[in-house]
Structure formats: C-alpha cells, structure tokens
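Now for the letters of each chain:
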Amino acid sequence: MSDMPPNVPVEPVRRSLIERISIVWVIPALALIIALGVAWQSYQSRGPVIEIAFDNASGVVANETELRYRDVAVGLVERVTFTESLDKVLVRVRLDQNVSDYVDEEAQFWVVRPKISTEGIEGLDTVLTGVFIEGLWDTVPGTQIGRFDGLSEAPLSRDGREGLRIRLRATSDTGLTENAPIVYRGIEVGRIGRAEVSDDGSTVEAEAMIFEPHDRLVSDATRFWDTSGFSFSLGPNGAEINFSSIASLISGGITFSTIVSGGRPVEEGAVFSVYYDEGSARASVFAAESGETLTLSVVFEDNVAGLAVDSPVDLGGVRVGRVTSVNGLVDEERYGDRKVRLAATIAIQPGRLGLADEDLEPGAALAFLDRLVQDGLRARLVTASILTGGLKVQLIDVPEAEQASIDVDSGPNPELPTTESDIADVTATAEGVFERINSLPIEELMTSAIGTLDNISRFIGNDDLRQMPGDIRGLVGDARGLIGSDAAQALPEELSAAATELRLLVQRLNEGEAATRLLDAVDAVSEAGQAASGALEGVPALVERLEAVAAKAEALPLEDLVSEVSAVAASANALIGSEAAQALPATANAALNDLSESAGRALDRLDAVLNDVRERELVAAAEQALSAIGDTAGSVTDAVAGVPALVERLEAVATKAEALPLEDLVAEVTAVAANANAVLDSEAARNLPGAVISALDELRASANDTLAELSAVLTQVREEELAAAASEALNSIGRAAEDVSASVEGVPALVERIDAVAAKAQEVPLDELAADLSALLESADALIGTDAARKLPADLSAALDSLRQVLDDLREGGVIENANRTFASARNAADSIATAADSLPSLVRRAQSVLMQAAETLRGYDANRGVGRDAAQALREVERAAAAVSSLARALERNPNSLLFGR
Amino acid sequence: MEIARDVTSAREAGLIACRRCTRVWPAGTEHCGRCGHAISSRDDMALQKVWAWWVVGIACYVPANVLPMLHTRTLVMVEENTIIGGAVELAHHGNWGVAIVILVASVLIPMGKFAVIAGLAIGVRHGTALSQIRRQQLYEVVEYIGRWSMIDVFVVALLSSLVQLGALAAIAPGPASLYFALSVICTMLSAQSFDSRLIWDPGTVVDREARRKELLEARAK
C-alpha cells in the first residue's frame, strides 16, 4: 500500500439551480399539489353551515349526528352549543352543497329518536347508530336563512307526502290520540297530529293531515267520527256493541265520510268536528249542532219508570232533542189533586226540526212548535225499547185533539201539552199469550188426531181398498175388451137392420088392427096361402139345410152345455125349490087372481064400452074398413109372389149359418152357463125369490088399485060420449085401410127390396159376426165371472127392495090422480091416433123409401165411408178413452196413495 | 467487534466502490466494469432525495394516523378505528400486549425511522456527536427494520380479505391504510436514498466541547 493514490481534490463547483436540486423533489411537490387540490376541492364542495335551535338535543353529538333528508345523510352536526339565553340547544350543521339551495325558510327539522308506541316502533335504526336529525323541505330552491327552529315532534307529513292539512276539534271525551290514523273505509289515509286543548278549554284540537290523493275525499260535507275502542250501550235503542278493528281498539282512530254529495272543497286548515259515533256524525249533517236549544217542559199524567235523562225526543221518526231532566210535580192548585206527576224538561234543537237558518233561534222555533201544537201536536210517552222498558218522549199529531197551545207562562219553561201515553207492557202481553196457549185443548186435539189417524190407517189397511185398484183394472180391461171387440164394430149394421125390422114391425102392427076381423079377411089370406104354398116349394131345400145345421148342432158339445144347463136348472130348481120360490107361485097366483078380478071388472067395463060402440053405427064403418083390408090382402098375395126368391136367399143364409163356428159359441155359452150357475148358486140369488115375492105383493097391491081405477075410468069413459069419437076413429081407420091397400100395391117392390136385403145379408160377413158373438160371449163370460157379477143378485135383491119401497111410495103417493090424468091423456091420444091414421099412406111410402134407403145403405156399406167411418172414429175415441182409463188404472195400481193424497 | 477509530475511507484511498456490486474501482471510473452501474464517489443529491422522501413520508403519516385504519361492520354496529384509537381501545379491554405491539409497530418504529433518517441527514451536513460507527449501525438498523413496517398494512389486507361474512361482519381497510402504506414506502425510499458513505467523510463528527467553545468565542466577539 505504498503507492497511495493521489488525493482527489474536492472542489465545490458552483452549479445551476436545476443541477443542484434533485428530481425527487417532484414527489413532495406532487403530494403537496394533490393535497392542496383535495383540500381546495373539499372546501369548495362544503356546504353552508346552518343553525337549528332545539328544545332538547339529547343524543345529538358533534361530528357524529347526521342530518338526513329522506333517510340520506346530507349534512353533519359540527357543533352543539346553546343559544344566547341558554333556553335552547343550538346545533350547527354543515350542509351538503347539493341540497343547500333547497333548505329555505320552509324547511323543518326534528330529531329522530327511537320510539315505541301503539302505532309501532319507529326509528329502530337510531338505537344503534344514534339519533339523527331529519330535515324536510320542498323541492323548490328558495331564500336561504341560517337559523331554524327545530320541531319537537315529527311533522305529520314526515315522508314528504303532500296532503290536506285540517284541524280536528273534538268535544268531551272523544279521543284525539296523537299519531292515530285517519281511516277511510279501512285504509289509512291520514294521520292526527299532536292534540292540544283549545284556547277556551272546551274542546281538544289537533292538526291532521289527509294525504294525497285521498284529500279530495274531504269536502265541507264531510263528517269525522271516532272509531277508537269499542262501545257497548244498553239504552233506549237496545243493546249495541260496536268496534271497528283491533288496531283502532288499541291506538284509537277516526274515520270520516262525506254524508251528502255536493260539498265544496275545503281550504287548508279547515276545522272539522269529530263526533262521538257515526250516528251522531250522520245526524249532524242536517242539523246545526251548535245552535241554541229550545227548552220545554212536559208534564205527563202517568208517573211511570223508564224515562231518563238523555232519552230521545222524537218528532215522527226524527230525533229532535233529548230529555234533560225528569222530576215529579205536585200542583194541587192546577190539577186539583195531590197526585205526583212526571215533569220532564226537554231540549229541542231547532236545527233538527229542519228549520231554515234564520229560524234556528229558539224564539222562532217556539213559534213554529206553537203552530204545530195548535194543529194537534202533543207530547206523549212511548216505549223506546221493549227489552229495556226505556221510554222516550214522542211528539205526535193527535187528530181531534182539544184546542191547546204551548203554555209560555208556565213555570220556568214553556209547557208542551201532552196526551195519553202509549206504553207497551211487554210482560203482561206475553203472559196473556202464554195463558191463551195454555188454555188450548191440546189433549183433545191430540186424541182426535190420533183417532183420525187410526181410522185412516184402518181404512188404508182395509183389504177391500187394497183390492180396489185390481178390481178397477179388471173392470177397465173388461170394458176395453168389450169395446174393442168386433161385435161392437159390427154394431152399425145391426142397428140398421134393427131399424128395418122396427119399421116392418110398425107396419105389421098397423095391419094387426085389421085382424080383429079375421073372418072377413080369411079369403084373401087363403089366396095368400096358395101363393105361399107356391113359395114353399123351396122350403124342402131349406129344410135340408136346416137339417144340416141341426146335424152340426148335434155334433156340438151339447153334453157339456146340457150339463151346465142342467146345473143351472138344478140351481134354478134349488132356487125355485126354496120356500120363497115356492111361495112365489102362491103370491103370483094371488096377484093374478087379484089381477084377474080387476081385469075382469075392467073387461066388463070394456065389454060395456064395446057394446056401446057396437050399438052405435060403428059396424058399417068397420065393414068399410074390412073391405079395404080385403083389398089389402089381395095386394099382399101379389106381394107374396116374391117370397120364393126370398126363401132361396134364406136358404143361402142358412148355408152360411151352417158354416158358422157354433162349437165355439156353444163353449162360450157353456162357460156363460157355468158362470150363471155360480151366480144362481149365490146366496143372494136364493134370497131373490123372497124379494120378488115381496115386490109382487107390492105390485099386486098397486095393480089392484090401478085396475080399480082403470075400471072406474072405463066407467067414466062409457058415461061420456066416447063411442061417438070411436066411431069417428073407426071411420078414420077404414080410410086408413083404404090407404093401406093403396100402399100395399108397392109391396112387391118391397119384397124385392127385402130380397135384395137378404142378398145383402147373404153377403154380410156372418163368420165375423159369429166371431164377434163369440168374443162378446167371452166378454160376457168374463163379466159374469167377475165378483161384481156374482154380487149382482145381492144388488138385485137390494134393487127389488128399493122397488118395493118405490111401490109403497107410489101407492101412498098420488098415483091414482096421475092415472086419471094419464087416461085423460089417453083419450086425447086416441084422437091423435085418428088423425095419425090419415097420414098412414104417407107413412107407408116413407117406409118404402126407408127400405130403399136401407138397401142402398147395405149395398153401399163401406166401413170407410159415412156411418162406418164415423163409427170407426167413435170407436177409436172410445178406444183412446179406454186407454186413458187403463193408464189411470195402472197409475192407481202403482201408487194407490194418490187416491188419498191427490197426487 | 471493535472497529478501529481511524478508518481510512475508500475515497481517502483513491478508490471508488460500486454501490450495486460493491466492486472497488479506481477513482475517476464512470461506470462499474462488472455490472455496468454508474458509479460515483459520493452522491451529491443523496441528502436532497432523503429529505424529499422524508417529507412525503411524514406527510402521509399524518392522515395515516388521523383517518380510520379499519372499517369494521358487524351485525349491530359499524366501527371505524384509527391506529392509535384501536390500540387504546385494546388497552382498555385489557389486551395490553397487542396494544403495545400495535403501538410499537405502527407508531414507534415509523416515528423512530423518521427521527433516525432526519438525524443521519442532519449529522452528515452539520456534524453530529455520534461516532461514525454508531451512525452506520443506526442506518443499517433503519434499513433492515423498514420493511417490517408494512406489517400493519399486511394485517389490514389480511383481515379485509378474510373477514367478509356477509351481513354478520365485514372488515374493510380504511383510508388510513393507504396513507400508512405510502408513508412506509416513502420512508424506505428515504432511507435507501441516504448515501451511507457520507457518514465517513471528515468533518461530520463534531466535537461538542470544541463546538461550544467556538460558539462562546463568537458570542464574545
């Protein structure tokens, strides 16, 4: 280390400023600039300081407590000091720049602290974070002031909600709870602020706010009432319990309603009354509650319990006031006795009377009431509630009341006249009702009802009744079978045939009058007999046919028939063998004896009459008549000429009859006979002879009387100039016979017609007829086989009893007089017969035309036309009727009760 | 180890050392022949750099202590603690050990560093009573311990990333953590900027007695 390096000279060199300063100084410079920039910026963004004076700033800490607007921090408390006079706490708050423009004189500040109330828990977050100051201002920048007065309570619209601010005024004990909700139809639409006693101490007032948009619900017709809690009242109006919700039960609350339409919008800060309940709120609409009341006295004759202070005073249905006091009143001088009367003082609100505003003062109302009293208005006590027995005062119009007026001078108050009270004593009425119920004959009623029910059950349980539907059904079935049978359908033909026969019969009867003188007519008849012998040549053939028929009949199961008939005969024998039946001939004999005696007398009379007739010149007339009859017989001979053809026709008919199914018929007849046998065997049938005997007895008695009367009549006839009339009648008959002979000339044609009829008859479906007959017999069999038919004899004997009674009645009644009159009528009838004989020829002609018509009818008979169609329709109607009856029967069978219950 | 009182410096020996690879070169060499680093016998700007970083570091240290270091939010409360406030609170709860550790690591050491660096820098310019060896030891201690100051920031970062329990609890770094980190960094840079060779230059050790006499003489004049 010997060669040390030369010492390095250190020569300070004067260098420039840039060379002497390190670049590193940029860093502090930069830091300084940044710091300054940040400081300046924060200073720039720093808002103004405002001072808020609070009564109480508990929990407010400088540099910690925030100022919040809508729960967002917009400032910080910088200092907490006192005002100059130490009466308030002054809080200095540094506002954020961005809201400072809006914090104008309208701004409100309050301290938010945790609060637990019936409305819930508020400000829970402040428990942890500490209290904060809430500010509220509008959204319009305004003039800035540095000093504010803080609110001790949160304002109503703490959330910045807009709405209508009103003042609520409550009287008495209606609760205006601070912060209680205002509910409209169950929805909270507003809030009540802090309540305070009004200046005069009579009411409680609170600010309230109805939030948008519900503020439009409030108009000057709106009424508020208290809904808090629940109320139970047992008053004149009955028991009432009323509460709206549990929430309002705890916290209280009011609600409102616009009672009438057409209210005007209200100004901010309008004052509303809060009523005790909805009823009074509604009642207040038409009434000025605040108006002065009219005080009246009322003295009632009845001194009864139930009227109390605050009882309503009603005019009609409107409550117009209330009772303010109730006292007794003794006024011997005025009423003349020492009775204690009920004197009530009533306060009437003129507004409730519906008077106009200018009449609301009591004087005008008194004058108005006085006019009403002069027209009959009276006060009376009425029952307000039958439950409580409470009374109320009712002002009522009493028609025809004595003239009266309000006694203005009486006592302390004007006195309203009264009338009789209308007090319902509910206990007495109820007792009367119970007594009446008690005295009802309930036991007897029950006994009767039980008996009735027993009878009904016996009636329903009766076997006969149970069988009745079955019987009815059988009956209806039988009727249907009968109606539906071919026999019924063949009825029109039979009817027309019967009509023809009827007309023939009539004609023959007419001829029969001539037979009284047969001797004279025998000649003509012999001629007719000759003609008949000619005609009888065809008879052997007919006989053969009949023999065949007989053979067939022989082949029939006649044994059965005979056995049945013999059984019938046996029954009949037994019947006849009965004592009554044996007595019957005796009775009949006696009756006949009587009749013969009577008839003998009558014949004697008749003989005498005829003698009289003979004596008169009747014979000549008769001879004339008989000659005419002889002529007639001649004509008949001619007419008989057509008989052989007729016989042939009959032969054909017989042939046809031969072909008939007589076996079936016989079987049916056998069955019928069997049934008839059963019928005859019945006891009733055995009783029948007795009934017949008694009936015959009656009849005999009646006949005796009648015949006696007849004989008397005949006597009378003889005495009178009847013979003359008879001769005239015989003359008429003679003329009639002439006419007949004239008419008989048309008989051949008639025979031809009959021939044609026979031909038609030949064509008539006898087979069907036989079948119909068979069906008819079946029906008849079924009919006889029914119980009803078996009961027939009994009915018959009952009918005979009835007949006997009738005969008794007849005998007792004026039969004789009636018979007299009858015979007088018979005389007149004889005259009529004479005149009728005149018209006989025309009658014959008519008969001829009828026969032609009949022939036409038979020829043209067609089931589809004319009568056939009508008959078919009629039968269908009958069938439908039968069907209806059948369905009725079925319905009855299914538901027999319907007979009883009508359904 | 006893170090001799009279130490010949490299400069006095006409040598120059590379500060990166510590190779010694003859005076006048511009660049290290081994690592290529520019070399000079003394860094003329060293004290300026020291002071510049020092100022920034101490400026950052103020908000680091004023502003909250931790932002702790639990279910029921939100808490913001400064460094000292947190330590005091811990001490209130009886955690003296932890409180002392925090105070030492976050307050005592940074403050000591500031003081040591400032003292070294002043001593180089105006002389100091401390011997050169003591100052060299101080400088080494400062440089060594500087990096550990970041442990605060490290703890905050660790807590912030671990305690994120949703609504129950959450820890977030406060603004002070940033300033604290900046302060530590600037302090480290300041210490590093200090050219420890200046300690050994003559004239930096002041004899206090002689100095006082000088001053008295000057006053007497």
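## What about the overall build of chain A?
If you tally the helices and strands in chain A, you get 30 helices and 25 strands. Put simply, chain A has 903 residues, and 32% of those count as buried. Within chain A, counting contacts between residues at least 6 apart in sequence, those at least 24 apart form 73% of the total. In the structure as shown, chain A presents an accessible area of about 53100 Å², 56% of it carried by carbon and sulfur atoms.

## Quick look at the overall build of chain B
A tally of regular secondary structure across chain B gives seven helices and five strands. Element order for chain B, N to C, with α for helix and β for strand: β-β-α-β-β-α-α-α-α-β-α-α. In chain B, buried positions account for 38% of the 221 residues. For chain B, the share of sequence-separated contacts (at least 6 apart) that also reach a separation of at least 24 residues comes to 65%. For chain B, the computed accessible surface area is about 13000 Å², with 64% contributed by carbon and sulfur atoms.

## Considering the nonpolar core
Residue and element names in this part refer to chain B. Ranked by size, the top nonpolar core spans 30 residues in total, and within it Leu 47, Met 69, Ile 117, Phe 180 and Phe 194 carry the most contacts. Looking at this core, the elements that each hand over two or more residues are α1 (46-66), α3 (96-126), α4 (132-146), α5 (151-162) and α6 (175-193). Ranked by residue count, the leading element in this core is α3, at eight residues. Setting aside its immediate chain neighbours within four residues, Met 69 contacts Asn 81, Thr 82, Ile 83, Asp 152, Val 156, Ala 172, Pro 173, Gly 174, Ala 176, Ser 177 and Phe 180.

## A look at the sheet that holds strand β3 (residues 70-74) of chain B
Residues and elements named next belong to chain B. In spatial order, the strands read β4-β3-β5; together these three strands make up an open sheet with antiparallel pairing. On the outer flanks of this sheet lie β4 (78-81) and β5 (169-173), each paired with one strand and no other. Neighbouring strand axes in the sheet, compared pairwise and without regard to direction, differ in orientation by 15 degrees on average. Pairing of β3 with β4 involves four bridges; the strand directions are antiparallel. Within the sheet, the bridge partner assigned to Thr 72 lies in β4 and is Glu 79. This element, α5, spans β3 and β5 of the sheet and lies at about 145 degrees to β5.

## Some details on the sheet that holds strand β8 (residues 132-136) of chain A
All names here are of chain A. What the seven strands build is an open sheet, ordered β5-β8-β2-β3-β4-β1-β9; its pairing is mixed. Of all the strands in the sheet, the pair left with one neighbour each is β5 (108-112) and β9 (147-149). This sheet shows a mean twist of 35 degrees between the axes of neighbouring strands, independent of strand direction. Two elements, β5 and β8, share five bridges in a ladder whose sense is antiparallel. Across the sheet, Phe 109 pairs through a bridge with Gly 135, a residue of β8.

## Details of the pattern of salt bridges
All names here are of chain A. Applying the stated rule across the entire model yields 14 salt bridges over all chains. In this structure, Glu 188 engages Arg 191 in a salt bridge whose closest nitrogen and oxygen atoms are separated by 2.6 Å. Of the residues examined, Glu 188 reaches a relative accessible area of 39% and is grouped as partly exposed.

## Section: unusual backbone geometry
Residues and elements named next belong to chain A. The step from Glu 212 to Pro 213 runs through a cis peptide bond, and the omega angle for that step is 0 degrees. Looking at the element boundaries, Pro 213 is found in the loop between β13 (203-211) and β14 (222-226). Of note, Arg 70 is a non-glycine position whose phi angle comes to about 55 degrees, a positive value. Assignment of secondary structure puts Arg 70 in the loop between β2 (66-69) and β3 (72-82). You will see that Asp 71, though not glycine, has its phi angle at about 65 degrees, which is positive. On the secondary structure map, Asp 71 appears in the loop between β2 and β3.

## As for the pairing of strand β23 (residues 377-385) of chain A
The side chains of a regular strand alternate, residue by residue, between the two faces of the sheet. All names here are of chain A. Counting buried positions along β23 yields eight of nine residues, so the element is predominantly enclosed. With eight bridges connecting them, β23 and strand β24 (residues 390-397) associate as antiparallel partners. Bridge assignment links Ala 379 to a residue of β24, and that residue is Leu 395.

## What about the interface of chain B and chain A?
Contacts between chain B and chain A engage 15 residues on the former and 15 residues on the latter. Note on chain B versus chain A: buried area summed over both sides is about 1300 Å², and carbon and sulfur give 69% of it. Of all residues in chain B, Arg 11, Met 45 and Gln 48 of chain B give up the largest surface area on contact with chain A, accounting jointly for 32% of the area buried on that side. Across the chain B-chain A interface, the total number found is zero salt bridges. There are one residue pair in polar contact (both at pLDDT 80 or more) connecting chain B and chain A. Across the side of chain B that touches chain A, the residue classes tally to nine nonpolar, two polar and four charged.

## As for the state of the cysteines
Residues and elements named next belong to chain B. A complete count under the given rule lists zero disulfides over all chains for this structure. In this structure Cys 18 is not part of a disulfide, and its nearest cysteine sulfur, from Cys 35, lies 3.4 Å away. Looking at Cys 60, it has no disulfide partner, and the nearest cysteine sulfur is the one in Cys 186, 5.0 Å off. Since its relative accessible area comes to 11%, Cys 60 is described here as buried.

## Focus on the packing of helix α2 (residues 26-45) of chain A against α1 of chain B
One way to put it is that α2 of chain A packs onto α1 of chain B with a least axis distance of 8 Å and a crossing angle of 25 degrees. Between α2 of chain A and α1 of chain B, the angle is such that the two are roughly parallel. Seen from above, α2 of chain A lies across α1 of chain B with left-handed handedness. Across the interface between the two elements, Ile 27, Pro 28 and Ala 31 of chain A of α2 of chain A pack against Ala 52, Trp 53, Val 55 and Val 56 of chain B of α1 of chain B.

## Digging into the confidence of the model for chain B
Mean pLDDT for chain B: 83, with 95% of residues reaching 70 or above. Scored by ipTM, the complex comes to 0.78, with pTM at 0.39.

## Some remarks on the packing of aromatic side chains
One pass over the full model with this rule turns up 11 aromatic pairs over all chains. Both rings, one in Phe 109 of chain A and one in Phe 148 of chain A, keep their centres 5.0 Å apart while their planes meet at 65 degrees; by these two values the pair is edge-to-face. Taken together, the positions of Phe 109 of chain A in strand β5 and Phe 148 of chain A in strand β9 put the pair 39 residues apart, joining distant regions of the chain. Of the two residues, Phe 109 of chain A and Phe 148 of chain A, neither departs from the other in class, the shared state being buried. One aromatic cluster is present, formed by Trp 51, Trp 54, Tyr 61, Phe 114 and Phe 180 of chain B through successive ring pairs. Its guanidinium or amino end placed over the ring of Phe 132 of chain A, Arg 68 of chain A lies 4.0 Å from that ring's centre, counting from NZ or CZ. The lysine or arginine in question, Arg 23 of chain B, covers the ring of Trp 25 of chain B, its NZ or CZ lying 4.4 Å from the ring centre.

## As for α6 of chain B
Taking 1.5 Å of rise per residue, the 19 residues of α6 of chain B would be expected to cover 27 Å, and the 27 Å separating its terminal C-alpha atoms lies within 8% of that figure. Buried residues along α6 of chain B sit in contact with α1, α2 (83-92), α3, α4, α5 and β5 of chain B.

## Regarding helix α8 (residues 362-374) of chain A
All names here are of chain A. Relative to the 18 Å expected for 13 residues at 1.5 Å per residue, α8 spans 18 Å between its end C-alpha atoms, a close match to the ideal helical length. All buried positions along α8 are accounted for by Pro 362, Ala 364, Ala 365, Leu 366, Leu 369 and Val 373. Where α8 is buried, its residues contact β19 (294-300), β22 (341-348), β23 and β25 (415-416). Phi turns positive, to about 120 degrees, at Gly 376, one or two residues after α8.

## Observations concerning the side chain of Thr 222 of chain A
Residue and element names in this part refer to chain A. Within the secondary structure, Thr 222 sits in strand β14. Of the polar contacts made by the side chain of Thr 222, one reaches the backbone oxygen of Leu 217; its length is 3.5 Å. Polar side-chain contacts of Thr 222 include one of 2.8 Å to the backbone nitrogen of Ser 219. Beyond its immediate stretch of four places on either side in the chain, Thr 222 contacts Leu 217, Phe 256, Ser 257, Thr 258 and Phe 272.

## Topic: the packing of α1 of chain B against α3 of chain B
Residues and elements named next belong to chain B. One can describe the packing of α1 onto α3 by two numbers: an axis separation of 11 Å at closest approach and a directional angle of 155 degrees. Comparing their axes, α3 and α1 come out roughly antiparallel. As α1 runs across α3, the sense of the crossing is left-handed. Two secondary-structure elements touch here, α1 through Leu 47, Val 50, Trp 51, Trp 54, Gly 57, Ile 58, Tyr 61 and Asn 65 and α3 through Ser 106, Val 107, Pro 110, Met 111, Phe 114, Ile 117, Ala 118, Ala 121, Ile 122, Val 124 and Arg 125. Counted by class, the contact of α1 with α3 contains 15 nonpolar, three polar and one charged residues.

## A word on the pairing of β3 of chain B
One ladder, built from five bridges, connects β3 of chain B with β5 of chain B; its direction is antiparallel. The residue bridging His 71 of chain B from the neighbouring strand is Ala 172 of chain B, located in β5 of chain B.

Scoring rules and cut-offs
- Along each chain, numbering runs from 1 in the same order as the chain's sequence is written.
- Going through the entries in the order they are written, you letter the chains from A and number the ligands from 1.
- Selection of residues for local features in this predicted model requires a pLDDT of at least 70, selection of side-chain atom pairs for listing and counting requires 80 or more, and totals for whole chains, interfaces and linings are taken over all residues.
- Side-chain calculation: all heavy atoms of the structure are included, whereas hydrogens and water are not.
- Runs of H or I in DSSP of at least four residues are treated as helices and runs of E of at least two as strands, each being numbered from the N terminus.
- For every residue, the accessible area obtained with a 1.4 Å probe (protein chains only) is divided by the maximum for its type, and the residue is called buried under 20%, exposed over 50%, and partly exposed between those limits.
- Should any heavy atoms of two residues lie within 4.5 Å, those residues are counted as being in contact.
- For the area figures, the Shrake-Rupley method with a 1.4 Å probe applies, and any residue is considered shielded solely by the protein chains shown.
- Put simply, a nonpolar core is a bunch of buried Ala, Val, Leu, Ile, Met, Phe, Trp, Tyr and Cys residues held in one set by side-chain atoms that sit within 4.5 Å of each other.
- One requirement defines pairing of two strands: DSSP has to find at least two bridges between them.
- For helices, the axis comes from a line fit to the C-alpha atoms of the stretch in contact; other axes are also lines fit to C-alpha atoms, and the angle between any two N-to-C directions lies between 0 and 180 degrees.
- One speaks of a salt bridge when a side-chain nitrogen belonging to Lys or Arg is within 4 Å of a carboxyl oxygen belonging to Asp or Glu.
- The term buried area refers to how much accessible surface (probe radius 1.4 Å) is lost by two components on association, counted for both of them together.
- In protein, a polar contact means a hydrogen-donor-capable atom and an acceptor-capable atom, both N or O and within 3.5 Å, with residues adjacent in sequence counting only if both atoms are side-chain atoms; elsewhere, any N or O pair within 3.5 Å suffices.
- Gly is put with the polar residues, along with every residue not named as nonpolar or charged; the nonpolar set is Ala, Val, Leu, Ile, Met, Phe, Trp, Tyr, Cys and Pro, and the charged set is Asp, Glu, Lys and Arg.
- What counts as a disulfide here is a pair of cysteine sulfur atoms lying within 2.5 Å.
- Just so you know how the angles are binned, under 35 degrees is roughly parallel, over 145 roughly antiparallel, 65 to 115 roughly perpendicular, and the rest oblique.
- Handedness of a crossing is defined here by the sense of rotation of the near helix relative to the far one, left-handed for an anticlockwise turn of less than a right angle and right-handed for a clockwise turn.
- Per-residue confidence from the prediction method is given by pLDDT, with values spanning 0 to 100.
- A pair of Phe, Tyr and Trp rings is counted when the ring centres sit within 6.5 Å of each other, with Trp represented by its six-membered ring. The angle between the planes then sorts it: under 30 degrees is stacked, over 60 is edge-to-face, the rest tilted.
- The rule is short: NZ of Lys or CZ of Arg within 6 Å of the ring centre and within 35 degrees of the ring normal puts a charge over the ring.
- One less than the residue count of a helix, multiplied by 1.5 Å, gives the span that helix is expected to have.

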